[in-house]
Amino acid sequence: MGIRSYLATYRRSSPLKSVWLAGGLVLLSPERAARAEDALRYKFQAWQEDAGRVEVLAHYALAEKDLSPNMRLRFTGLLDAITGATPTGEPAETRDGPVPLTEIKDDRRAGSLDLTHQFSRLGITAGYARSTESDYVSDGVSATALVDFNQKQTLLRVGVSGTWDEVKVFYTDAWQDKMSVDVILGVTQVINATTTLTANLTYGQAEGYLNDPYKIIRKDTEILPGLFLPLTFAENRPDERRKWIGYLAFNHAWPEQHGAFEATYRFYHDGYGIDSHTMTAGWRQTFQDGRWTLNPHVRAYRQSAADFYRVTLDGTDITPTVQPQPAGPFYSADYRLAELDTFSAGVTLTWKIRDGLAVDATYDRYVMHGRDGVTSAQAFPDADVFTVGVKVWR
């Protein structure tokens, strides 16, 4: 079963940072190619939901190589597997009762290649990424430019990315198309020797098949006069989605205490009517001349519901159709479009064994709660997330 849209929700809070996301190719800030460090990283992550719901096991590797003093190559690869059960979209029979689940199982293979060239004050990064699942194939390209001003105290960021996806759905043999474009404009300002402030603004647009082909919605339908049956239908979302994202990040270091604080805020708005707020905070503390680093961190997220989110179609005049209709009406019972909160807290411990070798381990606890008073509380999962990694460099 396809899981791309399912994983989109959870990878937003994941400490494993892939260079692609389920919603499209990530706009990365290119690092200075002149940084004289070749590196190889590997991470393993396990996402385990409570009550045996869903488990995701992911293997991630990243290799960076300086091709010249001004040119840097980066390759990222990802293999992950998902198994377990997820809500179908059918409602619980009682308030806060168990929701119907369906078994899912799929594998994903993905990779990306990025090339950065550093000019005098300008850094250019171009990238390509590809991700494949049994019923989802995605190709993406990106380009990002960084230019510094004010004696390198101000850094301007401009980037664009695009994806071309194909989705296999159950009601037709033909694959459905989806395209997306994202544009980012940002600035990082050095306030003083220990403080920086970053502000980004992103606009994105997706078009084509934007439904989750495995999510359904129920409606009590009159089959004969006076005879109603609870029938299920595929969801129907708009075939266009625009989004706007504002992002702020604040970093401050205390060199004498060997510590640093980072806080971020992200505002999101889209054409579905969803508004969301994300806040993160973390502290990095080093010990024993930098051999050990402790990084506790928290993340809080709140979103409003999509305009067309409904638990069922009962009590509406909507007549659902077998196949999605781009003209509407629109409806979805996918709990990820409901009014909800999520919260995660965790800690990362890094050990620099020696110059050129370090290992790290992370634990995060993730919880999700609905806020509409209608969607069953059992639709929203909680999870433990375990990550271990190793880095080798020279």
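Placed above this text is the structure.
Residues numbered from 1 in each chain as written. Predicted model: local features only at pLDDT ≥ 70, side-chain atom pairs only at ≥ 80, totals over all residues. Heavy atoms only, no water.

Student: Where do I start with the side chain of Glu235 in this structure?
Tutor: In this fold, Glu235 is placed in the loop between β13 (227-234) and β14 (240-254). Within the structure, Glu235 has its side chain in polar contact with the backbone nitrogen of Asp212 (distance 2.7 Å). Within the structure, Glu235 has its side chain in polar contact with the side chain of Ser332 (distance 2.6 Å). Look past the residues within four positions of Glu235 in its chain and what remains in contact with it is Asn211, Asp212, Lys215, Ile216, Pro324, Tyr331, Ser332 and Asp334. (Helix = DSSP H or I, 4+ residues; strand = E, 2+ residues; numbered from the N terminus. Polar contact = N/O pair within 3.5 Å; in protein donor to acceptor, adjacent residues only side chain to side chain. Contact = heavy atoms within 4.5 Å.)

Student: What should I look at first to understand the packing of aromatic side chains in this one?
Tutor: Note on aromatic pairs: each is described by the distance of the centres and the angle between the planes. For the coordinates displayed, the defined rule picks out eight aromatic pairs. Between Tyr335 and Phe380 the ring centres are 5.7 Å apart and the planes differ by 90 degrees, which places this aromatic pair in the edge-to-face class. With Tyr335 in the loop between β17 (292-303) and β18 (340-354) and Phe380 in the loop between β19 (357-370) and β20 (383-393), the pair connects residues that are 45 residues apart, well separated along the chain. Phe380 carries the same exposure label as Tyr335, and that label is buried. (Phe/Tyr/Trp six-rings, centres within 6.5 Å; stacked < 30°, edge-to-face > 60°. Buried < 20%, exposed > 50% of the residue type's maximum accessible area, 1.4 Å probe, protein only.)

Student: Hey, could you run me through the pairing of β17 in this one?
Tutor: Only one face of β17 is covered, namely the one carrying Thr293, Asn295, His297, Arg299, Tyr301 and Gln303; the face carrying Trp292, Leu294, Pro296, Val298, Ala300 and Arg302 has none of its residues buried. In textbook terms, the turn of a hairpin is the stretch between consecutive antiparallel strands, and for strand β16 (residues 275-287) and β17 this stretch comprises four residues, one of which, Gln288, has a positive phi near 50 degrees. Looking at chain direction, β17 and β18 are connected through 12 bridges and run antiparallel. Residue Gln303 lies in a different strand from β18, and its bridge partner there is Leu340. (Pairing = 2+ DSSP bridges.)

Student: Looking at this structure, how should I read unusual backbone geometry?
Tutor: Among all residues except glycine, the phi angle is most often negative; among peptide bonds, the trans geometry is most common. With an omega of 0 degrees, the peptide bond between Gly328 and Pro329 qualifies as cis. Relative to the helices and strands, Pro329 resides in the loop between β17 and β18. With a phi close to 60 degrees, Asp96 is a non-glycine residue in the positive phi region. In this fold, Asp96 is placed in the loop between β5 (71-87) and β6 (101-118). For Asp96, a relative accessible area of 39% gives the class partly exposed.

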